[in-house]
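A structural walkthrough
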Amino acid sequence: MAGSDEKKRSLMDTIIKLDYDLSWKFALLCKMDRNSWSFLLLDKIMKVFEILGSGVPTLTFSLLILPFTSYFRFYLSFSIAEILDVIAQFTVKNIFKRQRPTYQDNSDMFFTHGPDKYSFPSGHCTRMTMFWYLTSCFMDVETTQYRILAVIYGIITISRVFMGRHYISDLAGGMVLGLLVGMFAWHVTWLH
């Protein structure tokens, strides 16, 4: 029995190390040459996407713009999902309390307090996966608008690792949580 526990621990240690190493290498790609114009441009672009994907702009969007859409269920689904997103992230982040990567630069993080100081799961990733799911329920996935939104959601998600804010496993956890929240909000909205 002890040998089995050691193998499990060894496998978990290997996965954690791989997660750390790959996440660090992706973050390093974004910060290779801090003096080059390409780094400055990439850094600024990732920063814009970071801000777009944070809770304040997405909640503002939900409260100020969506009510004026002709699709009430769309608005209702997003509103329910936003509330569930906050509750789910607060709960999961406080359960795991995983620290953010040690190689990140905290000086330029946008609006981080409370449970947001923890890394797992990525709140941006949770939110973007949730939005992607709900958007795919309401929009024709063959349209250009949907594809543009899917690309934006994807860039916001990967920006978290490139900015050094999260590990890759934080994104995976955020995707699972976002999918669950989105599915729940969708099904609650469409109950008759």
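If you're wondering where the values come from, they're calculated on a predicted model, not measured in any experiment.

Parameters at a glance
One numbering rule holds for all chains: residues counted from 1, following each sequence as written. Side-chain atom pairs in this predicted model are given and counted only at pLDDT of 80 or more, local residue features only at pLDDT of at least 70, and totals for whole chains, interfaces and linings cover all residues. Neither water nor hydrogens contribute to the side-chain values; these are computed over all heavy atoms in the structure. Helix and strand definitions here come from DSSP, where helices need a minimum of 4 consecutive H or I residues and strands a minimum of 2 consecutive E residues; each element is numbered from the N-terminal end. Categorising residues by exposure relies on relative accessible area from a 1.4 Å probe, with only protein chains included: less than 20% of the type maximum marks a residue as buried, more than 50% marks it as exposed, and the intermediate range marks it as partly exposed. pLDDT is a residue-level measure of predictor confidence that goes from 0 to 100. Axis definition: a line fitted to C-alpha atoms, limited for helices to the stretch in contact. Angles are taken between N-to-C directions and run from 0 to 180 degrees. Small angles under 35 degrees read as roughly parallel and large ones over 145 as roughly antiparallel, with 65 to 115 read as roughly perpendicular and the rest as oblique. The hand of a helix crossing depends on one turn: near helix anticlockwise from the far one by less than a right angle means left-handed, and clockwise means right-handed. We call two residues contacting when some pair of their heavy atoms lies within 4.5 Å. Under the grouping applied here, Gly and all other residues not named as nonpolar or charged are polar, the nonpolar ones being Ala, Val, Leu, Ile, Met, Phe, Trp, Tyr, Cys and Pro and the charged ones Asp, Glu, Lys and Arg.

**Observations concerning the environment of Arg127**
- Within the secondary structure layout, Arg127 lies in helix 5 (residues 123–138).
- Overall, the relative accessible area of 8% leaves Arg127 in the buried class.
- In this structure the C-alpha to C-alpha distance between Arg127 and Gln89, which are 38 residues apart in sequence, comes to 9.6 Å.

**A short note on the confidence of the model for the protein**
- Per-residue pLDDT for the protein has a mean of 78; in total, 77% of the residues score no lower than 70.
- Across the protein, helix 7 (residues 168–189) holds the top mean pLDDT of 90, while helix 3 (residues 55–64) sits lowest at 67.

**Section: the environment of Ile15**
- As for its placement among the helices and strands, Ile15 is situated in helix 1 (residues 2–30).
- For the pair Ile15 and Ser169, spaced 154 residues apart in sequence, the C-alpha to C-alpha distance is 9.6 Å.

**Some thoughts on the packing of helix 5 against helix 6 (residues 144–162)**
- Two numbers describe how helix 5 lies on helix 6: the axes approach to 9 Å, and their chain directions differ by 165°. Taken together, the axes of helix 5 and helix 6 lie roughly antiparallel to each other. Once helix 5 is placed against helix 6, the crossing between them reads as left-handed. Residues His124, Cys125, Met128, Phe131, Trp132, Thr135 and Ser136 of helix 5 lie in contact with helix 6, whose contacting residues are Tyr146, Leu149, Ala150, Tyr153, Ile156, Thr157 and Arg160.
- Split by residue class, the contact of helix 5 with helix 6 holds nine nonpolar, four polar and one charged.

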